[in-house]
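# A structural walkthrough
So you can see what is in the structure, the chains are spelled out below.
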Amino acid sequence: DTVGLVPAALTGEITNSGSLTVVANASGTAPSAIATGIYMESGLNSSVVTNTGALNVDAIINVDTGTVSATGVNLVTTNAGVPGVDDIFTFVNDGGDIVVRQSVDGGGTWTRGMAINVAGSPNPSVINLLGTSGDGSIYGNIDINPDDVINVEDGTTYFDGIINPEVLALTAVPGSITAADLDSGLFGEGALNIQAGGNLILADPQV
């Protein structure tokens, strides 16, 4: 009986300095392809995940009547308890390349997946986008919580995606967010800090 149990906390470090590639490919009348690069399910999560290499995640189906989902880094939790001041999850992309994409026509065309999803974290998260050893790049969206922070520093990161893409659904609500509000690719909760020496280049934010 696991009712009422608190999932174990996560600490420690994960580093990808090579090439991590995940592909899910399905076909049929109602196919399902779900691909995840790094999946962390726990109680409180104060671990550090660093990418200095390549993280590539593809989810591919042959028809748009199926289910397709690609996620680079995904945090999930249940019943974590109350976080302390030191319970902070940290993700660092330092000159690494993250490409997370989805296709519903067998790979003929692609749309963004979720590159970094910390919205399910039980405690605050910090995402540090660095370029100390070369420019970093991210293709895919990023989802964060109100208490989370994204820091851009020490070099250039090319970002082709939207932070908190769920706000796109609000464009259909009269008097709410408009498409023009999203032109910067940045909208919603959390904080984005461009530090001295940091350069964030936004690519095609309306796609």
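Residues numbered from 1 in each chain as written. Predicted model: local features only at pLDDT ≥ 70, side-chain atom pairs only at ≥ 80, totals over all residues. Heavy atoms only, no water.

### Some remarks on the overall build of the protein
Tallying secondary structure elements over the protein gives 0 helices and 17 strands in all. Counting only residues that meet the buried cut, the protein has 43% of its 207 residues in that class. Of the contacts formed within the protein by residues at least 6 apart in sequence, a portion of 72% connects residues at least 24 apart. For the protein, the accessible area works out to roughly 9,700 Å², and carbon and sulfur atoms hold 53% of it. (Helix = DSSP H or I, 4+ residues; strand = E, 2+ residues; numbered from the N terminus. Buried < 20%, exposed > 50% of the residue type's maximum accessible area, 1.4 Å probe, protein only. Contact = heavy atoms within 4.5 Å. Areas by Shrake-Rupley, 256 points an atom, 1.4 Å probe, with all protein chains shown as cover.)

### A short note on the sheet that holds strand E11 (residues 125–130)
What the 6 strands build is an open sheet, ordered E1-E4-E7-E11-E14-E16; its pairing is parallel. What marks the edges here is a single partner per strand, and that holds for strand E1 (13–16) and strand E16 (191–194). Strand-to-strand, the axes of this sheet are offset by a mean angle of 10°, without reference to chain direction. Note that strand E7 (residues 89–94) and E11 share 6 bridges and pair parallel. Residue pairing for E11: Asp-94 is matched across the bridge by Leu-130. (Pairing = 2+ DSSP bridges. Axes fitted to C-alpha atoms, helices over the stretch in contact; angles between N-to-C directions.)

### Examining the pattern of salt bridges
Summed over all chains, the structure comprises 2 salt bridges. Across the salt bridge formed by Arg-101 and Asp-58, the nearest N and O atoms sit 3.0 Å from each other. Residue Arg-101 is located in strand E8 (residues 97–103), and its partner Asp-58 is located in strand E5 (residues 54–61); the two are separated by 43 residues in the primary sequence. One salt bridge connects Asp-160 with Arg-112, and the closest N-O pair in it is separated by 2.7 Å. Of this pair, Asp-160 sits in strand E15 (residues 155–160) while Arg-112 is found in strand E9 (residues 111–112), placing the two residues 48 residues apart along the sequence. (Salt bridge = Lys/Arg side-chain N within 4 Å of Asp/Glu carboxyl O.)

### Description of empty space enclosed by the protein
On inspection of all chains with the given rule, the structure shows 1 cavity of 30 Å³ or more. The volume enclosed by the largest cavity comes to roughly 30 Å³. Contributing to the lining of the largest cavity are Asn-16, Leu-20, Ile-38, Asn-51, Leu-55, Val-73 and Phe-91. For the lining of the largest cavity, the class distribution of residues is 5 nonpolar, 2 polar and no charged. (1 Å grid on protein atoms, 1.4 Å probe; cavity = no way out; pocket = protein on both sides within 12 Å on 5 of 7 lines; lining within 4 Å. Points joined across faces, edges and corners; volume = space filled by probe spheres on them. Nonpolar A, V, L, I, M, F, W, Y, C, P; charged D, E, K, R; others polar.)

### Considerations on the packing of aromatic side chains
Enumeration over the complete set of coordinates arrives at 0 aromatic pairs. Above the plane of the ring of Trp-110 lies Arg-101, whose end atom (NZ or CZ) is 3.7 Å from the centre. (Phe/Tyr/Trp six-rings, centres within 6.5 Å; stacked < 30°, edge-to-face > 60°. Lys NZ or Arg CZ within 6 Å of the ring centre and 35° of its normal.)

### A short note on the environment of Gly-136
Examined against the element boundaries, Gly-136 turns out to sit in strand E12 (residues 136–139). Note: C-alpha distance between Gly-136 and Gly-53 (83 residues apart in sequence) is 9.5 Å. When neighbours within four sequence positions are excluded, Gly-136 is seen to be in contact with Asn-93, Gly-95, Gly-96, Asp-97, Leu-130, Thr-156, Thr-157 and Tyr-158.

### Some remarks on the pairing of strand E10 (residues 114–117)
The pairing of strand E6 (residues 67–77) with E10 spans 3 bridges and is parallel. Paired with Thr-71 across the two strands is Met-114, which belongs to E10. Bridging between E10 and strand E13 (residues 141–143) involves 3 bridges; their strand directions are parallel. Bridging across to E13, Met-114 finds its partner in Asn-141.

### Digging into the side chain of Thr-156
Among the secondary structure elements, Thr-156 is positioned in strand E15. A polar side-chain atom of Thr-156 sits 3.4 Å from a polar atom in the side chain of Asn-199. (Polar contact = N/O pair within 3.5 Å; in protein donor to acceptor, adjacent residues only side chain to side chain.)

### Focus on unusual backbone geometry
The residue Asp-154 is not glycine, and still its phi comes out positive at about 55°. Along the chain, Asp-154 turns up in the loop between strand E14 (149–153) and E15. The partly exposed category is assigned to Asp-154, whose relative accessible area is 41%.

Any functional reading would require information beyond the geometric quantities listed.
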